[in-house]
Structures are given as C-alpha cells and as structure tokens.
Amino acid sequence: MDVSKVEREKEQELISRAQSGDRAAFAALVREHGNEVYTLARRLVGDPHLAADVAQETLIRAWKALPNFRGDAALSTWLHRITVNTAWTHKKRARRHGGLSLDEVAESEAPMSAEHPEMAGEILELRGRLRSALDALPEAQRQVVVLKDVYDWSHAEIAEAMGISVSATKVRLHRARARLARYLEASA
Amino acid sequence: MNVLCELAAPFVANSAVEGTDVARPFRAHVLSCLRCQARQVAMAKVAREMSAMSSEAFRAPLDLEWRVMSSLEGDLAVARSWRTPVALGAAVLSMAAAILIWRLRPRAQT
C-alpha cells in the first residue's frame, strides 16, 4: 500500500469523525491544511494579516459545511473553493466599511520553499519580483491570475467560485497577464 | 517605442503563458520584432515560475489552529447559553401548570 493511499485513508477517517462532530479530528485537519489555505488566502488578498483572517473564516465555514461535504472532490480542492469565496466576501466587506485597500502592497514575506538553498539566486529574485507584481495587481485581476496560472483552475471553476461569467474571467486574465508583464518589465 | 509592440503586449503575454501562437493580427509583427520576442521569452519564464509557485507554501500564523478552534468553542458556548435558560423556563412553566391544575381540580363535597 503506497504512502499517499494511507494518507488519503487517514484523512478520510478524520473527515468522517469531524463530520460527526469530533472537534479533535477537525483540529488535525486544520493542522494538515492550514498552511495551504493560508497560502491561497495570502496570494488572493495580498495582505498577510487579512490572509490570516480569511484563513480563519474559511476553516470555520468549512467546519459548518463539513456535514455536506460528500467527497466528490479532494478536501483541499473543496477548501480552496471556500477560501476563494471567503476572500471575495472579505473584499466586499472591506470596501463597504471603507477599510484599507486590499491592493496595498503587503510587507515582504517569503514562502517556506524560498528557504531552500538549491534555488538559484536568479529564480529567487524573479520570484520576489513576481510576488510583488502579483500583489500590485488589482484584486479582481490578481484572483483570476492566481487561480489560473498558479493553481491551474479552469475558467469555469474560477467563474463559479467568484460568481462571474466565464467570459469575464477570460477578460480579467488577459488584462492581468498584460499588466503583470508590464510590471515585471519595469522592475527588471 | 513601437505602438504595435504595445498593442501586441497582452497577446504576447497570453501566448507565452499558454504556450500557443500569438494572435494572428500580431503574429507577423512578433516574428520580426526582437523586443516582442524578448517579452515573450521573459513571460514564458514568469509562467513557469507561477506554475512552480503552486508547490510552495507560506507558513500559516502559529495561532491559526487556536483561533479556529476557539471560535468553534465560542459558537458552542452561544448555543449552550440559550439552551439552559429555555430548559429551566420550560420546567418552571410545567410545574406552575401542574400546581394550577391540582388547585383547580374539582373536589368531592363532604
């Protein structure tokens, strides 16, 4: 039996227990997927503090919706969808309350894999600039480009998660990539 | 700076990310323009990096689990907070009703 199968079965057991109200099992799932949820939230909203709030709310929503999780998709995919919805809700809320713009460039924060010494300096430098360029994109464009070009979602999946049409996702992606290219060219 | 380069820029970026040909109206221009070709190469590199970013992760705040679980605990506390008074109220009401019925019961005349 391969490791991934064992892990899947272990996760399935945790999900079943959490669905029947076992909070310790849910805490284990939070530990397992917390970084992943936070990473997506961080990429979608830019600001690390807001990303932490989005991740927290995502996981609380996940707990409430867990009884309806049928396992048609992987748990991580399901959590990603909730993260996108939650990030979107936070954005609307922030706008309504006239809070900080989500497009403000966040403080520099390196992802864990950047600690790897084998990564060439040039790539690290490009990733740094890429992260800044993504953070500088308008929220709606950033979300589409992150979901499509980083997470490889289909246009239909993005449209469904963001509550917009497929053609709107295509237009946003087109604009986002052009803007990204310009930012990167200017920062080179 | 060529105006055509600027018009072609979004299509160059898209073709580089998607790994497809540049849209037909700009294809001939890009084939003859070193600047657009350089942009295409740079954007292809960026696309590879974006794809690689899916496997890297930011470290979630250390208190994320605590924040989530204590929020759930809070929800349960709220749920419990109305259950107890309602149960007590129902018990008191049923006792009062029982006493009233007992007091108002028809008594045999002696």
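From a predicted model like this one, the values you see are computed outputs, not experimental measurements.

A. Inspection of the overall build of chain B at higher detail. Of the regular secondary structure elements, chain B holds four helices and zero strands. Its helices and strands in sequence order give chain B the pattern α-α-α-α, from N to C terminus. The buried share of chain B, reckoned over its 110 residues, is 29%. Partitioning the contacts of chain B with sequence separation of at least 6, the portion at a separation of at least 24 is 54%. For chain B, the accessible area works out to roughly 7500 Å², and carbon and sulfur atoms hold 66% of it.

B. Highlighting the nonpolar core. Ranked by internal contacts, the top residues of the largest apolar core, which has 68 residues, are Phe26, Leu134 and Leu180 of chain A. The leading source of residues in this core is helix H2 (residues 23–45) of chain A, at 12 residues. Ranked by size, the runner-up nonpolar core spans eight residues in total, among them Ala8, Phe26, Cys33 and Cys36 of chain B.

C. Region of interest: the packing of aromatic side chains. Counted by the stated rule, this structure contains three aromatic pairs over all chains. With 4.8 Å between their ring centres and 50° between their planes, Phe69 of chain A and Trp78 of chain A make a pair best called tilted. Of the two residues, Phe69 of chain A and Trp78 of chain A, neither departs from the other in class, the shared state being buried. With a centroid separation of 5.0 Å and 25° between ring planes, the pair formed by Phe11 of chain B and Phe26 of chain B is classed as stacked. Of this pair, Phe11 of chain B sits in helix H1 (residues 3–18) while Phe26 of chain B sits in helix H2 (residues 24–32), and the two are 15 residues apart along the sequence.

Calculation notes
- Going along each chain's sequence as written, the residues are numbered from 1 onward.
- To label them, take the chains in the order written and letter them from A, then take the ligands in the order written and number them from 1.
- Local features in this predicted model are restricted to residues of pLDDT 70 or higher, and side-chain atom pairs are both shown and tallied only at a pLDDT of 80 or more, whereas totals for entire chains, interfaces and linings draw on every residue.
- To obtain the side-chain values, all non-hydrogen atoms of the structure were used and water was disregarded.
- Helix and strand assignments come from DSSP, with helices taken as H or I runs of at least 4 residues and strands as E runs of at least 2, each series counted from the N terminus.
- Think of it in three bands: with a 1.4 Å probe and only protein chains considered, a residue is buried below 20% of the maximum accessible area for its type, exposed above 50%, and partly exposed in between.
- Any two residues whose heavy atoms approach within 4.5 Å at even a single point are treated as in contact.
- Using a 1.4 Å probe, the Shrake-Rupley method yields the accessible areas, and only the shown protein chains count as cover for residues.
- Joining through side-chain atoms within 4.5 Å is the link that ties buried Ala, Val, Leu, Ile, Met, Phe, Trp, Tyr and Cys residues into a set, and such a set is a nonpolar core.
- Here is the rule: rings of Phe, Tyr and Trp (six-membered ring for Trp) pair when centre to centre is within 6.5 Å. Planes less than 30 degrees apart are stacked, more than 60 are edge-to-face, and the remainder are tilted.

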